[in-house]
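Chain by chain, the residues:
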Amino acid sequence: MPIRAIGSDGEGWSFVVAEAIRDAVDAGASVINLSLSVPCRSRVLEEALNYAEERGAVVFTAAGNDGVLNPQVFPARYDTAAGVAATDPADARAPFSNYGNAIVSLAAPGTAIYSPWRVGGLFAWMDGTSQATALASGVAALVRSATPAASRDQVLDAMLRSAQRLPDSNMGSGRVDAFAAV
């Protein structure tokens, strides 16, 4: 179910994102993709993530695109969200991707991903932790479809345990591996 919480310009408000999270959970979503990050804490966003966790939804969020170690980016810093960093085609950290185990749970491919463009419904090759987050969310959806009775923690654990370890130890558990996770 697509729920848009930010504008086509990539801008938005935390309270709108929080409302979208609650609406998605109330509509039965068990995997939520937040291809976004903000530089400050938000109580309303944190409460919405707690709401999602309590109701069994796993939430993936972008680690951000500043190339910084353990930045203050949210919601990746919250324990109730799985922060996702981006890898390049060689399985190295993409140079733009934020990294560090304080914000990153997993990594996923994030360079040259064919993605929806903001203008006119077109598609373009794009780089970013938003693209990586969408891929990680897709893997979680595959795990959910293969094991519908799995809890939120079981879905996340399957992904963390099956992740391919990366040479960079600041990339969480490693790059998602859909085949191994399912």
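Anything mentioned here points back to the structure above.
Here's what I pulled together on the structure shown here. (Residues numbered from 1 in each chain as written. Predicted model: local features only at pLDDT ≥ 70, side-chain atom pairs only at ≥ 80, totals over all residues. Heavy atoms only, no water.)

### Some details on the overall build of the chain
Alright, step 1. Counting secondary structure elements, the chain contains five helices and six strands.
Alright, step 2. Ordering the α and β elements of the chain from the N terminus gives α-β-α-β-β-β-β-β-α-α-α.
Alright, step 3. Taking 2.2 N^0.38 as the reference for a compact globule, 182 residues should give roughly 16 Å; the C-alpha atoms of the chain span a radius of gyration of 15 Å, in line with that estimate.
Alright, step 4. C-alpha atoms of the chain, sized along the principal axes, occupy 40 × 40 × 30 Å.
Alright, step 5. Burial statistics for the chain: of 182 residues in total, 45% are counted as buried.
Alright, step 6. Restricting the contact set of the chain to residue pairs at least 6 apart, pairs at least 24 apart contribute 63%.
Alright, step 7. Summed over all atoms, the accessible surface of the chain reaches about 9,100 Å², with 54% contributed by carbon and sulfur.
Alright, step 8. Charged side chains of the chain number 13 positive and 18 negative; the gap between the two group centres comes to 2 Å. (Helix = DSSP H or I, 4+ residues; strand = E, 2+ residues; numbered from the N terminus. Rg over C-alpha atoms; globule rule 2.2 N^0.38 Å. Buried < 20%, exposed > 50% of the residue type's maximum accessible area, 1.4 Å probe, protein only. Contact = heavy atoms within 4.5 Å. Areas by Shrake-Rupley, 256 points an atom, 1.4 Å probe, with all protein chains shown as cover. Lys, Arg positive; Asp, Glu negative; His and termini not counted. Charge placed at Lys NZ, Arg CZ, Asp CG, Glu CD.)

### With respect to helix 4 (residues 152–162)
Alright, step 1. Buried within helix 4 are the following residues: Arg 152, Val 155, Leu 156, Ala 158, Met 159 and Ser 162. All buried residues of helix 4 project into a common sector of 155° when viewed along the axis, lining one side. Residues of helix 4 that are exposed and angled more than 90 degrees away from the buried face: Asp 153 and Arg 161.
Alright, step 2. On its buried face, helix 4 is in contact with helix 2 (43–54), strand 2 (58–62), strand 3 (82–87), strand 4 (106–109), helix 3 (129–146) and helix 5 (178–181). (Arc of directions from axis to C-beta.)

### Describing helix 1 (residues 14–26)
Alright, step 1. Its 13 residues place the ends of helix 1 18 Å apart at the C-alpha level, agreeing with the 18 Å of an ideal helix rising 1.5 Å per residue.
Alright, step 2. Next to the buried residues of helix 1 lie strand 1 (31–34) and helix 2.
Alright, step 3. Looking at the residues trailing helix 1, positive phi occurs at Gly 28, about 105°. (Expected span 1.5 Å × (residues − 1).)

### Considering the nonpolar core
Alright, step 1. In terms of nonpolar packing, the biggest core is built from 22 residues, with Phe 60, Val 155, Met 159 and Val 176 touching the most fellow members.
Alright, step 2. Contributing elements (two or more residues each) for this core: strand 2, strand 3, strand 4, helix 3 and helix 4.
Alright, step 3. If you tally residues by element for this core, the top one is helix 3, at five residues.
Alright, step 4. Of all hydrophobic cores here, the second largest spans 21 residues; its members include Ile 21, Ala 24, Val 25 and Leu 36. (Core = buried A, V, L, I, M, F, W, Y, C linked by side-chain atoms within 4.5 Å.)

### Some thoughts on the packing of helix 1 against helix 2
Alright, step 1. Close contact between helix 1 and helix 2 brings their axes to 8 Å; oriented N to C, the two are set at 10°. With respect to helix 2, the axis of helix 1 lies roughly parallel. Contacts between helix 1 and helix 2 pair Ser 14, Phe 15, Val 17, Ala 18, Ile 21, Arg 22, Val 25 and Asp 26 from the former with Val 44, Leu 45, Glu 47, Ala 48, Leu 49, Tyr 51 and Ala 52 from the latter.
Alright, step 2. Partitioned by chemical class, the residues of the contact of helix 1 with helix 2 number 11 nonpolar, one polar and three charged. (Axes fitted to C-alpha atoms, helices over the stretch in contact; angles between N-to-C directions. Parallel < 35°, antiparallel > 145°, perpendicular 65-115°, else oblique. Nonpolar A, V, L, I, M, F, W, Y, C, P; charged D, E, K, R; others polar.)

### Side note on the packing of aromatic side chains
Alright, step 1. Counting across every chain of the model gives four aromatic pairs.
Alright, step 2. Measuring from centroid to centroid gives 5.6 Å for Tyr 114 and Phe 123, while their planes differ by 25°, and the two rings are stacked.
Alright, step 3. A cation over an aromatic ring shows up here: Arg 22 above the ring of Tyr 51, its NZ or CZ 4.6 Å from the ring centre.
Alright, step 4. The lysine or arginine in question, Arg 93, covers the ring of Tyr 99, its NZ or CZ lying 3.9 Å from the ring centre. (Phe/Tyr/Trp six-rings, centres within 6.5 Å; stacked < 30°, edge-to-face > 60°. Lys NZ or Arg CZ within 6 Å of the ring centre and 35° of its normal.)

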